[in-house]
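Inside the fold
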Amino acid sequence: MDDTLYTVAQVRAIEAGARAQLAPGTLMRRAGEAAARYALELLGGRRDLPVLLLAGPGNNGGDALEMAAVLADTGIDATVLFPPGQRELSEEAADAHARARAGTVGFIDMLPPDGEWGLVVDGLFGIGLARALEGEYRDLAALLADMRCPVLALDVPSGLDADTGMPVGPDGIAVRATHTITFLADKPGLHTADGRDHAGLVRVEALGIDPATLPEPAARLDSRAVFARCLQARRHGSHKGSYGDVAVIGGAEGMLGAPLLAARAALYAGAGRVFAAMLGPHPGVDSVQPEIMFRTAAELAFGSRTLVLGPGMGGSAEAMRLLAQALDSTNALVLDADALNLLAASPELMARLARRGAGAVLTPHPLEAARLLGVTAATIQADRLAAARSLAERTGAVVVLKGSGTLVGRPDGTLLVNPTGNPGLATGGSGDVLAGLCGALLAQGWPAWEAAAGAVWIHGAAADWLVEQGIGPIGMTAGELPAAVRAVLNRLVREAGAGRP
Ligand SMILES: NC(=O)C1=CN([C@@H]2O[C@H](COP(=O)(O)OP(=O)(O)OC[C@H]3O[C@@H](n4cnc5c(N)ncnc54)[C@H](O)[C@@H]3O)[C@@H](O)[C@H]2O)[C@@H](O)CC1
Ligand SMILES: [K+]
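Quick caveat: nothing in here was measured; it's all calculated off a predicted structure.

**Thoughts on the nonpolar core**
By size, the foremost hydrophobic cluster in this structure holds 169 residues, and its most contacted members are Ala-68, Val-121 and Val-361. When residues in this core are grouped by element, the largest group, 12 residues, is from helix H16 (residues 448–468). Each of domain 1 (4–219) and domain 2 (224–497) gives at least three residues to this core.

**Structural notes on the site of ligand 1**
Residues in contact with ligand 1 amount to 28 residues; listed here are only the nearest, Glu-15, Gly-58, Asn-59, Gly-126 and Gly-128. Elements supplying a minimum of two residues to the shell around ligand 1: helix H1 (8–21), helix H2 (26–42) and helix H3 (59–73). Among the elements that line the shell around ligand 1, the one with the most residues is H3, at 5 residues. For the shell around ligand 1, the per-class residue count stands at 15 nonpolar, 8 polar and 5 charged.

**A closer look at the sheet that holds strand S18 (residues 415–417)**
One open sheet holds the 11 strands; their spatial order is S1-S9-S18-S17-S16-S15-S14-S13-S10-S11-S12, and the pairing between them is mixed. Of all strands in the sheet, those with a lone pairing partner are strand S1 (4–5) and strand S12 (293–296), marking the two edges. Of the pairings in the sheet, the one linking strand S10 (residues 245–250) to strand S11 (residues 273–278) comprises 6 bridges and is parallel in character. Bridging across to S11, Ile-249 finds its partner in Ala-277.

**A look at the domain arrangement of the protein chain**
Split by domain assignment, the protein chain resolves into domain 1 (4–219) and domain 2 (224–497). The C-alpha centroid of domain 2 is placed 39 Å from the C-alpha centroid of domain 1. Here the residues of the side of domain 1 that touches domain 2 are counted per class, giving 5 nonpolar, 5 polar and 1 charged.

Calculation criteria
- As a convention, each chain's residues are numbered from 1 in the sequence order in which they are written.
- Following the order in which they are written, the chains are lettered starting with A and the ligands numbered starting with 1.
- Totals for whole chains, interfaces and linings use every residue, but because this is a predicted model, local features are given only for residues with pLDDT of at least 70 and side-chain atom pairs only at 80 or more, for both listing and counting.
- Only buried residues count toward a nonpolar core: Ala, Val, Leu, Ile, Met, Phe, Trp, Tyr and Cys, linked into one set through C-beta atoms within 7 Å.
- Each residue is classed by its C-beta neighbour count within 10 Å, where at least 20 other C-beta atoms makes it buried, 12 or fewer makes it exposed, and intermediate counts make it partly exposed; the C-beta atoms are placed from backbone geometry.
- The numbering of helices and of strands both runs from the N terminus, where a helix is a DSSP run of H or I of at least 4 residues and a strand a run of E of at least 2.
- Where each domain starts and ends comes from a domain assignment, either automatic or drawn from a database.
- Should the C-beta atom of a residue, placed from the backbone, lie within 6 Å of a molecule or strand, that residue is near it.
- Each residue is assigned to one class: nonpolar for Ala, Val, Leu, Ile, Met, Phe, Trp, Tyr, Cys and Pro, charged for Asp, Glu, Lys and Arg, and polar for all the others, Gly among them.
- Any two strands with at least two DSSP bridges between them are considered paired.

This is how it looks when you write it as structure tokens:
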């Protein structure tokens, strides 16, 4: 699977390189043909269903015109909505326009109120959108939300920034497509922030460009290939000591749930032994999961345990002392929730984190990331990739920026965008499960990068597995995730070892 993601600037450079070697209009023709093939697929091969194509003023509109001409040639009733006043077409878009006019394509300049379509195609704007959708374009984008048929976006859902996954411009809106066929290369904005909601299912169409000639991508999609080498089948001759200890440090008074969820996740993800080291009073035993060993945080010997700090930890002086001690240790660390808030409030602790070098994974949600960088959560969301990069660089840690299309970044600028998961994870405690899962993978010897990438992918895949069984997304609980994580992890290990005797 091609997992590469390119910025708009990179795509423009790839385009310029390709154009120089091809006859004029070749890329647009290929884009139109590929989109028409995909449309036929989405129509289930039926040629009796009418297709509406919205064509904008730029080359994205040119793609739509080219596509309309191809669809009409195959006998499909294709209608192009080409808003009036768009007369400054590029040469290739003008050619596409002429081809569509010469065939049986119908042209309209207003959306009929009673139109019934088998498919609607969004060819208003692609990567050339320079400001928020306004006027009739905005109205059209909004109208597409009410379509009862599939909506196929060409290249990028109109209005969406392909770099960031946010609508372009203040108060901008973007088309919500069910499918997107994106040209030349995949783009990060289709997979993070609001991107997944707007793009739907993404198909990449390389337009005949050999992927081997592409430059180093700005980011990649997270996939099992990133952590495949860590998926080891268990040896018969092993014992609990072979799989590491995880100690979850948290649970200030009244905040027992978070560390328990993290501890259960660590157990179900295969840690040899799991400790819950509580700052506040604790029950002594978890009757649901009696395998978890309770300790008072102040008395916990760190030893060589993997430490998961933060779930329900609070902001006490004791919490701060434990965090400082952990930062000064050489133990593998996951820092979550309150540990991140403490870090954000203390330049001194931040300096210790930066000094310690590798071996720490930070798992902020956008608000925690905002506190760490001293900005607002809206600023983080406005460019999640930049935020994840900047946090990883400043802290020297592997950073997991949570949210739709979770990002995993490391200090050298390498960035992953996670494609698994669903809105069922938008529930209290799912972050605690992620932290515990990541801790368990570290405890089993996975390096920080693989552990973070693996935890994020598996956590999302576990939620997807639950949804497949009718458990969520509405009402999925964090407590249901650890068993699903276990199922996914075992399946991955089985599949990685398939073929071995
Ligand atoms: N990059 C490539 O190699 C290829 C690009 N193709 C298509 O071309 C697209 C890029 O084409 P363009 O650069 O022409 O860009 P777009 O088609 O995305 O739009 C740019 C046009 O819209 C106008 N515009 C920008 N923002 C506006 C706004 N808010 N309201 C009204 N008008 C606005 C601009 O003045 C310009 O005329 C790609 O997304 C893709 O669909 C394809 O033809 C295939 C090859
Ligand atoms: K579009």
